[in-house]
Amino acid sequence: MSNETKGVKVEEILACGFDRWYEDFQSATFPSRVVSLSEDFVQYLLADGIQLPATVAGDGATSDDGNSSGWGEGGSDSDDNRPSFPDIEAAVRTAIDDLGGAVLPKLNWSAPKDARWVYGTLKCENVKEVLTLLKSSDFISHDLCNSFDHCCDRNQHNSRPDIFHLVLRRWRCIDESSEFRCFVRRGQLQAVSQRLTHLFFPHLLDPAFAELALRSINQFLSDTVHGKFPLDSYACDIVLGKLPRLKVTLVDFSPWAPSTDPLLFEWDELEALTGLAAEFRVVQREGEERSKLENYHCVPLEVAELGVSTPEEIEDLCRRAERR
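In this text the structure is predicted, and so the values were computed from the model without any measurement.

(A) Examining the packing of helix 4 (residues 39-46) against helix 6 (residues 127-135) more closely. Taken N-terminus to C-terminus, the directions of helix 4 and helix 6 make an angle of 60°; their axes are 8 Å apart at the nearest point. Residues Phe41, Tyr44 and Leu45 of helix 4 touch helix 6, and the partners they reach there are Leu131, Leu134 and Lys135. Residues that form the contact of helix 4 with helix 6 fall into these classes: five nonpolar, no polar and one charged.

The following block contains the structure:
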């Protein structure tokens, strides 16, 4: 791996934080809200267990006997002992209302994809669901504790950002075959990978589609990103619209660094690409799909050993545990 990849700097990581780039690219991405988090809330996210504030513990569905139940209701703890973040809770409720009633939550860099097992989706319609996913996620803990691990100048900075942000993105049902990750090095598009490498989409194999996709992505980068985003080497996730236009919608930026999943490439491959024409790579046939990274972080071992895996089984397990 080259010195360029090994030598990612803290400022490059920060530049890819949602709070840094969203204002400049609002018209090119999905509507979102950014909520600054207090240090007390950050420590709450890092604390063991999934205890929720009393004001949100009753959000969402009710159990068969009419009592609110589910993740993180804190057992027999009194309301006085529960955490309380009224300003953040109010900001989340307002954002959910403003964004149409459903959101996808994330922090500066990561979404809690590895916590999808809790509800079977990342779609959140209330504060309880947002907090439960954040508290259940290793990816969120990584943002909070390990975001600078690969930086060559980490010893010259604090071990973590001074301020973290909760990002709430308007929920959209997206065609999974339309998601791609683009790798840009020194201002030049070098590679594009299918984003969901665990799925096979035969229509992506059409050379004409690849040609149109690369043309659309290059035009988007030239018109919208270059000269506005501060880094000249980075990765970005996008969604392509329908043919024939294939309109590009920006999803996120990531650093040109080992912490960014190269998907269908390897980092050594990306470093070796020097041609003017970018390589477009998708899953070629059934059986060549790759496992999702979040699968290695999903259902806790203790829960899996109880023989439960679906959201319904997990929810039922929680109800039974609370009644003991």
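(B) Spotlight on the pairing of strand 7 (residues 248-255). A large share of strand 7 lies buried, amounting to seven of its eight residues. Of the strand pairs in this sheet, strand 6 (residues 234-240) and strand 7 are connected by seven bridges, and their pairing is antiparallel. The residue bridging alanine 235 from the neighbouring strand is serine 254, located in strand 7.

(C) Examining the sheet that holds strand 3 (residues 164-170) more closely. Reading across from one edge, 1-3-2 is the order of the three strands in this open sheet, with antiparallel pairing throughout. The open sheet has two edge strands, strand 1 (32-37) and strand 2 (103-106), and neither has a second partner. Sheet twist, expressed as the average angle between the axes of neighbouring strands with direction ignored, equals 20°. Where strand 1 lies against strand 3, six bridges are found, and the strand directions are antiparallel. Among the inter-strand pairings, valine 35 is bridged to a residue of strand 3, identified as leucine 166.

(D) A look at the confidence of the model for the protein chain. The predicted model of the protein chain has a mean per-residue pLDDT of 86, with 81% of residues at 70 or higher. Predicted confidence is poor over residues 61-72, with pLDDT under 50, and the contacts of this stretch with residues over four places away or in other chains come to 34 contacts.

(E) Quick look at the sheet that holds strand 4 (residues 179-185). Pairing is mixed across the open sheet formed by five strands, whose spatial order is 7-6-4-5-8. Pairing within the sheet leaves two strands with one partner each, and these edge strands are strand 7 and strand 8 (279-281). When the angles between neighbouring strand axes are averaged without regard to direction, this sheet yields 20°. Where strand 4 meets strand 6, six bridges bridge the pair, whose relative direction is antiparallel. When the sheet's bridge partners are listed, cysteine 182 is paired in strand 6 with cysteine 236. Each of strand 4, strand 5 (188-194), strand 6, strand 7 and strand 8 is contacted by helix 8 (residues 207-225), which is oriented at about 120° to strand 6, the strand it contacts most.

(F) Region of the structure containing unusual backbone geometry. Omega for the peptide link from leucine 243 to proline 244 comes to 5°, which places this bond in the cis form. Mapped onto the fold, proline 244 is located in the loop between strand 6 and strand 7. Residue arginine 186 is not a glycine yet carries a positive backbone phi of 50°. One non-glycine residue, leucine 246, lies in positive phi territory at about 55°. If you trace the backbone, leucine 246 turns up in the loop between strand 6 and strand 7.

(G) Examining the environment of valine 239 more closely. By the element assignment, valine 239 lies in strand 6. Taking the C-alpha atoms as reference points, valine 239 and glutamate 179, 60 residues apart in sequence, are found 4.7 Å from one another. Beyond its immediate sequence surroundings of up to four residues, valine 239 is in contact with Phe30, Ile174, Ser178, Glu179, Lys247, Val248, Thr249 and Val251.

(H) Expanded view of helix 7 (residues 138-145). Looking only at helix 7, the buried set comprises Phe139, Ile140, Asp143 and Leu144. Buried residues of helix 7, seen end-on, are gathered within an arc of 140° and therefore sit on one face of the element. Next to the buried residues of helix 7 lie helix 4, helix 6 and strand 3.

(I) Seen up close, the side chain of glutamine 194. With respect to the element layout, glutamine 194 can be found in strand 5. Using a relative accessible area of 1% as the deciding quantity, one classes glutamine 194 as buried. From its side chain, glutamine 194 meets the backbone oxygen of leucine 196 in a polar contact 2.8 Å long. Side-chain polar atoms of glutamine 194 contact the backbone oxygen of leucine 199, separated by 2.7 Å. Once residues lying within four places of it in the same chain are set aside, the contact partners of glutamine 194 are Glu179, Phe180, Leu199, Phe201, Leu204, Leu263, Leu264, Arg281, Val282 and Val283.

(J) How the structure looks around the packing of aromatic side chains. In this structure the tally under the stated criterion is 18 aromatic pairs. Between the aromatic rings of tryptophan 21 and phenylalanine 25, the centroid separation amounts to 6.3 Å while the plane-to-plane angle is 65°, which identifies the pairing as edge-to-face. With respect to burial, tryptophan 21 and phenylalanine 25 carry one shared label: buried. Taking 3.8 Å as the distance between ring centres and 5° as the angle between the ring planes, the aromatic pair formed by phenylalanine 229 and phenylalanine 253 counts as stacked. You can see phenylalanine 229 sitting in the loop between helix 8 and strand 6 and its partner phenylalanine 253 sitting in strand 7, a full 24 residues away along the chain.

Criteria and cut-off values
Residues numbered from 1 in each chain as written. Predicted model: local features only at pLDDT ≥ 70, side-chain atom pairs only at ≥ 80, totals over all residues. Heavy atoms only, no water. Axes fitted to C-alpha atoms, helices over the stretch in contact; angles between N-to-C directions. Helix = DSSP H or I, 4+ residues; strand = E, 2+ residues; numbered from the N terminus. Contact = heavy atoms within 4.5 Å. Nonpolar A, V, L, I, M, F, W, Y, C, P; charged D, E, K, R; others polar. Buried < 20%, exposed > 50% of the residue type's maximum accessible area, 1.4 Å probe, protein only. Pairing = 2+ DSSP bridges. pLDDT = per-residue confidence, 0-100. Arc of directions from axis to C-beta. Polar contact = N/O pair within 3.5 Å; in protein donor to acceptor, adjacent residues only side chain to side chain. Phe/Tyr/Trp six-rings, centres within 6.5 Å; stacked < 30°, edge-to-face > 60°.

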